[in-house]
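# Notes for the structure review
Residues per chain are reported as follows:
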Amino acid sequence: MISEKVKKLRPYVAGIQPIGDGWIKLNTNENPYPPSPTVANAIKNFDFARLRLYPDGDSNVLREAISQEFGLGAAACCFVGNGSDEVLSIALQTFFSGKTNILTPDISYGFYSVWAQMYDIGLTQIPLNQDFNIDVSQYRNGNGVIIANPNAPTSIALSKLEVEEIVKNNPKGVIIVDEAYVDFGTETAIHLTRKYDNLLVVRTFSKSYSCAGLRAGFAVGNSQLISAMITVKNSFNSYPLDMLAQVGVKSALQDEKYFRENLERIIATRDKTVKALKELGMNVLNSSTNFLFVEFENAKEVYEKLFESKILVRYWDKPRINKFLRVTIGAKEETEAFIQCVKRL
Ligand SMILES: Cc1ncc(COP(=O)(O)O)c(C=O)c1O
């Protein structure tokens, strides 16, 4: 009854969304602060009678707004989807389905290998070097590349030049750069999509724009790449973004001041947290994101003890990273509670 492929499929396991109060949630890299008030206003002012209709399946108004905000020149260079997970999934299906030698780090966002199973993609996993950096020189002549920049869960970023080097050295296929966390500490490669027609940059509204609950992400690239992704999307779901999501995230783009202040608060808390952990003698990787990758001799035990104190973080029982916990930067008091708990342990 069930297909052989699905029988073998091992899905991505997302961090827990706990039910009930009292949890300090540092496990899914959400933003600790609400979205800009412009988002709530846009949704409140929406004419709810319109909800009887289907939304614009191509999200044209939102794509136009993204195009303006990022100087893309045309909305045809932008694709939007139901969270960047959907955008990435469609991109992998569109460009890599049935192909081999798609280059990716051995430690990166866990969903990439799940989509590889779904779409019969042969990933070539390139080990991160000893200190968990991507060794750019090893990314050559792939039939495509998928990387996160900054990488997750390691939190370490490549420079714009390093990303460009990967693009230059892999002319045969599409290079997908997942920039879910880029706003927290490194330069975007969006402008390089004008120079390289095989580069696709994927972004999300879930992290720096505080809109994880609305589910929206986008991709930027050459209009031919985008058009192919739209064909795949229209073969799967005509209306991936509902009306409220389209209106809400569009207004999040328009409050630049709030966006900057939100980022600054998180970066300040991150820097303070790193300092406090280092003062305790701990190894914390160099973060360009809204989370930290922190080494513990007994990471699993610390994870469990934090859980007992109702502090949720992320732990993977996997080679190379089983001595680390990934900890989202929360609001000041939340992150302080984490540090106090670590001190006690
Ligand atoms: C590296 C990376 N890419 C993509 C995503 C997906 O984000 P969303 O689907 O909320 O846009 C995440 C979520 O945590 C992530 O860590």
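Residues numbered from 1 in each chain as written. Predicted model: local features only at pLDDT ≥ 70, side-chain atom pairs only at ≥ 80, totals over all residues. Heavy atoms only, no water.

### With respect to the sheet that holds strand β5 (residues 144–148)
Which entries qualify depends on this criterion: Following DSSP output, two strands are said to pair if at least two bridges run between them. Numbered from the N terminus, helices here are DSSP runs of H or I no shorter than four residues, and strands are runs of E no shorter than two. Only the stretch in contact is used when a helix axis is fitted, and all axes are lines through C-alpha atoms; the angle between N-to-C directions ranges over 0 to 180 degrees.
Taken in spatial order, the seven strands of this open sheet run β2-β8-β7-β6-β5-β3-β4, and their pairing is mixed. Edge strands, defined here as strands with exactly one partner in the open sheet, are β2 (78–81) and β4 (123–126). Strand-to-strand, the axes of this sheet are offset by a mean angle of 20°, without reference to chain direction. Sheet topology note: the β2/strand β8 (residues 217–220) ladder contains four bridges and is antiparallel. Looking at the pairing, Cys-78 lines up with Val-220 of β8.

### Looking at the packing of aromatic side chains
Our working definition: When the centres of two rings from Phe, Tyr and Trp lie within 6.5 Å, Trp using its six-membered ring, the rings pair. Their planes under 30 degrees apart give stacked, over 60 give edge-to-face, and anything left gives tilted. Burial status follows relative accessibility: with a 1.4 Å probe on protein chains alone, a residue under 20% of its type maximum counts as buried, one over 50% as exposed, and anything between as partly exposed. Over a ring means this: the NZ of a Lys or the CZ of an Arg is within 6 Å of the ring centre and within 35 degrees of the ring normal.
According to the stated counting rule, one finds 18 aromatic pairs in the structure shown. An angle of 70° between the planes, with centres 5.9 Å apart, marks the rings of Tyr-109 and Phe-111 as edge-to-face. Of the residues examined, Phe-111 reaches a relative accessible area of 18% and is grouped as buried. Judged by centre distance (6.4 Å) and plane angle (35°), the rings of Tyr-112 and Trp-115 are tilted. Of this pair, Tyr-112 and Trp-115 both sit in helix α5 (residues 111–118), three residues apart, which is roughly one turn of that helix. One aromatic cluster in this structure is built from Tyr-12, Tyr-109, Phe-111, Tyr-112 and Trp-115. Taking the ring centre of Tyr-33 as reference, the NZ or CZ of Arg-265 above it sits at 3.8 Å.

### Concerning the nonpolar core
Filter applied, for reference: Here, nonpolar core refers to any group of buried Ala, Val, Leu, Ile, Met, Phe, Trp, Tyr and Cys residues whose side-chain atoms link them within 4.5 Å.
Ile-66, Leu-199, Phe-205, Phe-296, Leu-325 and Phe-338 are the most contacted members of the largest nonpolar core, which totals 81 residues. Of all the elements, helix α9 (residues 256–279) adds the most residues to this core, at seven residues. Leu-88, Ala-148, Val-174 and Val-232 belong to the second largest nonpolar core, which has 28 residues in total.

### Details of the packing of helix α4 (residues 83–96) against helix α7 (residues 223–233)
For clarity, the cut-off: Angles below 35 degrees are treated as roughly parallel, those above 145 as roughly antiparallel, those between 65 and 115 as roughly perpendicular, and all remaining angles as oblique. In this description, contact between two residues means that some pair of their heavy atoms is separated by no more than 4.5 Å. Polar here means any residue outside two lists: the nonpolar Ala, Val, Leu, Ile, Met, Phe, Trp, Tyr, Cys and Pro, and the charged Asp, Glu, Lys and Arg; Gly therefore counts as polar.
Orientation of α4 relative to α7, taken along the N-to-C sense of each, is 105°, at an axis distance of 9 Å. Taken together, α4 and α7 sit at an angle that is classed as roughly perpendicular. Two secondary-structure elements touch here, α4 through Val-87, Ile-90, Ala-91, Gln-93, Thr-94 and Phe-95 and α7 through Leu-225, Ala-228, Met-229, Val-232 and Lys-233. Split by residue class, the contact of α4 with α7 holds eight nonpolar, two polar and one charged.

### Regarding the pattern of salt bridges
To keep it simple, the criterion reads: Criterion for a salt bridge: a side-chain nitrogen of Lys or Arg within 4 Å of a carboxyl oxygen of Asp or Glu.
The full count for this structure, using the stated rule, is 15 salt bridges. Note that Lys-7 and Glu-4 form a salt bridge whose closest N and O atoms lie 2.9 Å from each other. Placement of the pair is Lys-7 and Glu-4 together in helix α1 (residues 4–8), with a separation of three residues, close to one helical turn. Under the relative-accessibility criterion, Lys-7 is labelled exposed at 54%. Here Lys-25 ties to Glu-30 by a salt bridge, and the two come within 2.8 Å at their closest N and O atoms. Look at Glu-30 and you get partly exposed, because its relative accessible area is 26%. Each of the salt bridges in this network shares a partner with another, and the network as a whole consists of Glu-179, Asp-183 and Arg-203.

### Digging into the environment of Pro-150
Along the chain, Pro-150 falls in the loop between β5 and α6 (160–168). Pro-150 sits in the buried class, given a relative accessible area of 1%. Between the C-alpha atoms of Pro-150 and Val-232, which are 82 residues apart in sequence, the distance is 27 Å. What Pro-150 contacts, discounting residues up to four positions off in sequence, is Ser-155, Ile-156, Ala-157, Asp-178, Tyr-181, Val-182, Thr-186, Ser-288 and Thr-289.

### So, helix α2 (residues 37–44)
The test is simple: Regarding the arc, it is the one traced by the directions from the helix axis to the C-beta atoms.
Regarding α2, the residues found buried are Val-39, Ala-42 and Ile-43. Along α2, the residues classed as buried sweep out an arc of 95° about the axis, all on the same side. Contacts from the buried residues of α2 go to α8 (243–254).

### With respect to the site of the ligand
Just so we agree on the cut-off: Consider each residue's heavy atoms; a residue with any of them within 4 Å of a molecule or strand counts as near. Any N or O atom pair separated by 3.5 Å or less is treated as a polar contact, with the protein-specific requirement of one donor-capable and one acceptor-capable atom, and with residues adjacent in sequence counted only for side-chain atom pairs. Accessible areas in this description were obtained via Shrake-Rupley with a 1.4 Å probe; residue shielding takes into account the shown protein chains only.
The environment of the ligand is formed by 13 residues, the closest being Ser-84, Asp-178, Tyr-181, Thr-204 and Ser-206. Measuring from an oxygen atom of the ligand, one finds a side-chain N or O atom of Arg-215 at 2.8 Å. In the complex, the protein chains occlude 92% of the 400 Å² of accessible area that the ligand would expose alone. Tallied by class, the residues present in the shell around the ligand amount to five nonpolar, four polar and four charged.

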